[in-house]
Amino acid sequence: MNKTWILWVIILTFGKINAQSSLQKLYPVQFSDVTITDPFWGAKVKTVASATIDACISYTQDKTGRIRNFEKAARRSGKHEGIFYDDSDVYKAIEAIAYSLKSHPDPALEKNTDEWIDKIAAAQLPDGYLNTYYILTGLDKRWSDMDKHEDYCAGHLIEAGIAYYNTTGKDKLLNTGIRFADHIDSMFRRQNRPWVSGHQEIELALMKLYHHTQSSKYLQLANWFLEQRGHGKGAGWIWDGLKRPDYCQDVVPVKDQRKITGHAVRAMYLYTGAADVAAVTNNTDYITAMDSIWEDVVFRHMYITGGIGSQGSNEGFGTPYVLPNASAYCETCASVGMVFWNQRMNVLSGDAKYIDVLERSLYNGALDGLSFSGDRFFYGNPLASKGNYNRKEWFGTACCPSNIARLVSSIGNYIYAGSDEGIWVNLLIGSETTISTGGARVNLEMESGLPWNGNVQLTVSPAKKQNFELRIRIPGWLSKPVPGDLYTYEDEQELSPVIRVNDKAFAFTSDKGYAVLKRNWKKGDKVSIELPMQVRRIRSNPAVKQNENRIALQYGPLVYCVEGIDNPTGAGTILLPPGTTVKPVFESALLGGINTLVFEAPAITISEDGRQVSTTTRKIKAIPYYSWNNRGDSDMQVWLPTLVNKISINE
Ligand code: FUB
Ligand code: ZN
């Protein structure tokens, strides 16, 4: 089918379509076209390649039965080990491996992965079905329980298959995923049999498959899954003993949703898939819904770390403005999901506010999930701890390790985008790429001091002299912590970058958070960007009672915390009164080289005889939030009190 026909099929298939102009404004540059040269992110990508992937393999293949389940499923006999969604961890590990192999080729790793793939493919049934839990516990029950994650696992299989094919050119896993997708299509969409996915993921995966194959049935199937929601067809999701369709975003149809509800990872994957569908079908109802939901998340439910999910009971969202710090759930996967969704929203709108949120979740809420050693993980990422919370080697439900691995190893996905008008620089991360705009090929080289200093240099080299816009995101954190009024800078200063082209100040215009540099670019043009970095004191909206009379510190894109190991009186004893001077100090020998924030402030101390409590002035050190708990167990706090608000001698 040629492109015009495909468009007509889409137009006839989907109701609300604006065929005149595409809703999608930008085309993200794939990580495989981006070489990371950044000291900060390059080190993280290397850690994932050298340690995180090994950890995932060790737990997937040796220390748990995940790979054995596929071997048994291929034999159609044996006891299933683990939980019904464990297949997804194998697929996510393969996806992370695929991304990592691109920058860190490793023949032994590839061979081992090929062997996994042989086992996975051997387990697939002739009708395309593939799920080791049901193959081993009773195929008569397959597709009988919407919450059993069969389609969720299928989605991760599809994502892994595409990733592995893109890196290696090997299509065995991809074809396994396609057969499973076809099976699902024949079981559900073509029979019009109700199925509300209990854990969204299949939608976004099918959209990747649609783009990979250009087969419109995957687009239709993705949209079909979206349209299943909100008509009472779901299983009546139960948590806390109550029927709660809000847990699975199943109360009203996606297009009519306006508020965020329920399980945070489910929600992020749902809206990522909805944005992917909308980008192709131009369904403005989905955009209207997501604009409103996004504001609800960012204006009322998001932690300053970009983490989401305030409660463990539903692994998700609670009451607006209720953001407890020590019990914050903030699952690593939810922050990964924030990165996915916000990128899609940026692609649809060309608005940098989504990248502001993406960057916050990436550098803080998500990165906190990975230890410096690469083989320890946080599942939840609280903003305060009494010292008894620490990273683990693995989890019974092990969604987070491979999720952070696949995000970090594909970090190049989030840096650049292109459009007909020009080139978009979203994240200021040292890298090199070549982008097409207006028919021209333009090479870009970026060097960046972030997150430690605000000096960024870009070398722009079009193949020939070319007029286009270079749109560089002006980080939102120069002006305000986040869009909306959930958090504000105490000083309310809006700082501006200084941008020079070939050493001359350039009078750029601003549009939707981007500095727009329009000129006739020639090979080797140099753009320098100076981002004025200052320590910022952040206040919460007064509606957040948990942060009343408290301040969080931020420097550049990083949120800071105090950890007991640096502050002998303990993280929970430190006050940050108004007027305290806080200075950044780069400490090259600490935690791989970080900016610490140092200040003198009162700390609550107890006299030696235990009979007096007083404050004494101490030298305090704060570290980036993502780097805490890398030096053993320690207490930690992000929101520092400005005054003594409570003394308790109860434990
Ligand atoms: O259900 C699969 C994964 O397990 C979810 O994404 C996580 O939140 C955890 O519940
Ligand atoms: Zn997780």
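Every value quoted in this text rests on a predicted model; they were computed, and no experiment measured them. (Residues numbered from 1 in each chain as written. Chains lettered and ligands numbered in written order. Predicted model: local features only at pLDDT ≥ 70, side-chain atom pairs only at ≥ 80, totals over all residues. Heavy atoms only, no water.)

As for the overall build of the protein
If you tally the helices and strands in the protein, you get 15 helices and 25 strands. Radius of gyration (C-alpha) of the protein: 25 Å, near the 26 Å computed for a compact globule of 651 residues. Across its three principal axes, the protein shows a C-alpha extent of roughly 75 × 65 × 50 Å. A burial count over the protein gives 61% of its 651 residues as buried. Counted over contacts in the protein with a minimum sequence separation of 6, partners at least 24 positions apart contribute 69%. For the protein, the centre of its 70 positive side-chain charges and the centre of its 70 negative side-chain charges are spaced 2 Å apart. (Helix = DSSP H or I, 4+ residues; strand = E, 2+ residues; numbered from the N terminus. Rg over C-alpha atoms; globule rule 2.2 N^0.38 Å. Buried < 20%, exposed > 50% of the residue type's maximum accessible area, 1.4 Å probe, protein only. Contact = heavy atoms within 4.5 Å. Lys, Arg positive; Asp, Glu negative; His and termini not counted. Charge placed at Lys NZ, Arg CZ, Asp CG, Glu CD.)

A closer look at the confidence of the model for the protein
For the protein, per-residue confidence averages 94 on the pLDDT scale, and residues scoring 70 or more make up 96% of the total. Counted against residues more than four places away or in other chains, residues 1–21, with its pLDDT under 50, gives 27 contacts. (pLDDT = per-residue confidence, 0-100.)

Let's talk about the nonpolar core
Ranked by size, the top nonpolar core spans 212 residues in total, and within it Leu470, Val527 and Val638 carry the most contacts. Counting residues per element, this core draws most heavily on helix H11 (residues 264–281), which supplies 13 residues. The two domains that each donate at least three residues to this core are domain 1 (30–414) and domain 2 (549–641). (Core = buried A, V, L, I, M, F, W, Y, C linked by side-chain atoms within 4.5 Å. Domains from an automatic or database assignment.)

As for the packing of helix H7 (residues 150–168) against helix H9 (residues 202–213)
Two elements in contact, H7 and H9, have axes separated by 8 Å at closest approach and are oriented at 35°. Judged by the twist between their axes, the crossing of H7 over H9 is left-handed. Taking contact as the criterion, the partners of Asp151, Ala154, Gly155, Ile158, Glu159, Ile162, Tyr165 and Asn166 in H7 are, on H9, Ile202, Leu204, Ala205, Leu206, Lys208, Leu209 and His212. (Axes fitted to C-alpha atoms, helices over the stretch in contact; angles between N-to-C directions. Left-handed = near helix turned anticlockwise from the far one by under 90°.)

Re the coordination of the zinc ion (ligand 2)
Around a metal, the perfect tetrahedron of four donors has angles of 109.5 degrees, and the perfect octahedron of six donors has angles of 90 or 180 degrees. Looking at the zinc ion (ligand 2), the protein donor atoms are Glu331 (OE), Cys333 (SG), Cys399 (SG) and Cys400 (SG), and they sit 2.0 to 2.3 Å from it. Its four donor atoms give the zinc ion (ligand 2) angles of 94 to 119° at the centre, a pattern that matches the tetrahedral case. The motif formed by the donor residues of the zinc ion (ligand 2), counted along the single chain, is E-x1-C-x65-C-C. Of this pair, Cys333 sits in helix H13 (residues 332–349) while Cys399 sits in helix H15 (residues 399–409), and the two are 66 residues apart along the sequence. (Donors = N, O, S within 2.8 Å, 3.2 Å for Na, K, Ca; no water. Tetrahedral: all angles 85-135°; square planar, octahedral: opposite > 155°, others 65-115°.)

Some thoughts on the sheet that holds strand E9 (residues 440–448)
Strands sit in the order E2-E8-E9-E10-E17-E13-E14 across an open sheet of seven strands; the sheet is antiparallel. Every interior strand has two partners, whereas the edge strands, strand E2 (34–36) and strand E14 (504–505), have only one. Pairing of strand E13 (residues 498–501) with strand E17 (residues 525–530) involves four bridges; the strand directions are antiparallel. Bridged to Val501 within E17 is Val527. (Pairing = 2+ DSSP bridges.)

Description of the packing of helix H2 (residues 39–62) against helix H3 (residues 66–75)
Where H2 contacts H3, the two axes come as close as 4 Å, and the packing angle between them is 40°. With respect to H3, the axis of H2 lies oblique. Contacts between H2 and H3 involve Tyr59, Thr60, Gln61 and Asp62 from the first element and Arg66, Ile67 and Arg68 from the second. Taken together, the residues that form the contact of H2 with H3 break down as two nonpolar, two polar and three charged. (Parallel < 35°, antiparallel > 145°, perpendicular 65-115°, else oblique. Nonpolar A, V, L, I, M, F, W, Y, C, P; charged D, E, K, R; others polar.)

Here we look at H9
If you check H9, its first and last C-alpha atoms are 16 Å apart, about what twelve residues at 1.5 Å a residue would give, namely 16 Å. Within the span of H9, buried status applies to Ile202, Glu203, Leu204, Ala205, Leu206, Met207, Leu209 and Tyr210. Remark: Gln214 follows H9 within two positions and exhibits a positive phi of approximately 60°. (Expected span 1.5 Å × (residues − 1).)

Regarding the site of ligand 1
Close contacts around ligand 1 come from Tyr85, His149, Tyr152, His199, His263, Val265, Glu315, Glu331, Tyr379, Thr397 and Cys399, and that covers them all. Side-chain polar atom of His263 to an oxygen atom of ligand 1: 2.9 Å apart, as the coordinates give it. One of the side-chain N or O atoms of Glu315 is found 2.4 Å from an oxygen atom in ligand 1. Relative to its unbound accessible surface of 280 Å², ligand 1 loses 94% to contact with the protein. Among the residues making up the shell around ligand 1, the classes are represented as five nonpolar, four polar and two charged. (Near = heavy atom within 4 Å. Polar contact = N/O pair within 3.5 Å; in protein donor to acceptor, adjacent residues only side chain to side chain. Areas by Shrake-Rupley, 256 points an atom, 1.4 Å probe, with all protein chains shown as cover.)

Overview of the packing of aromatic side chains
Within this structure, the stated rule accounts for 32 aromatic pairs. Consider the rings of Phe84 and Tyr133, whose centres lie 6.0 Å apart with planes at 65°: the pair is edge-to-face. Here Phe84 is found in the loop between H3 and helix H4 (87–103), whereas its partner Tyr133 is found in helix H6 (residues 132–137), with 49 residues between them in sequence. Here Tyr379 and Phe395 contribute two aromatic rings whose centre-to-centre distance is 5.4 Å and whose plane-to-plane angle is 75°, an arrangement assigned as edge-to-face. Taken together, the residues Tyr379 in the loop between helix H14 (353–366) and strand E5 (384–385) and Phe395 in the loop between E5 and H15 connect sequence positions 16 residues apart. Look at Tyr379 and you get buried, because its relative accessible area is 13%. Grouped by ring-pair contacts, the aromatic residues Phe40, Trp41, Tyr363, Phe372, Trp452, Phe586 and Tyr626 constitute a single cluster. (Phe/Tyr/Trp six-rings, centres within 6.5 Å; stacked < 30°, edge-to-face > 60°.)

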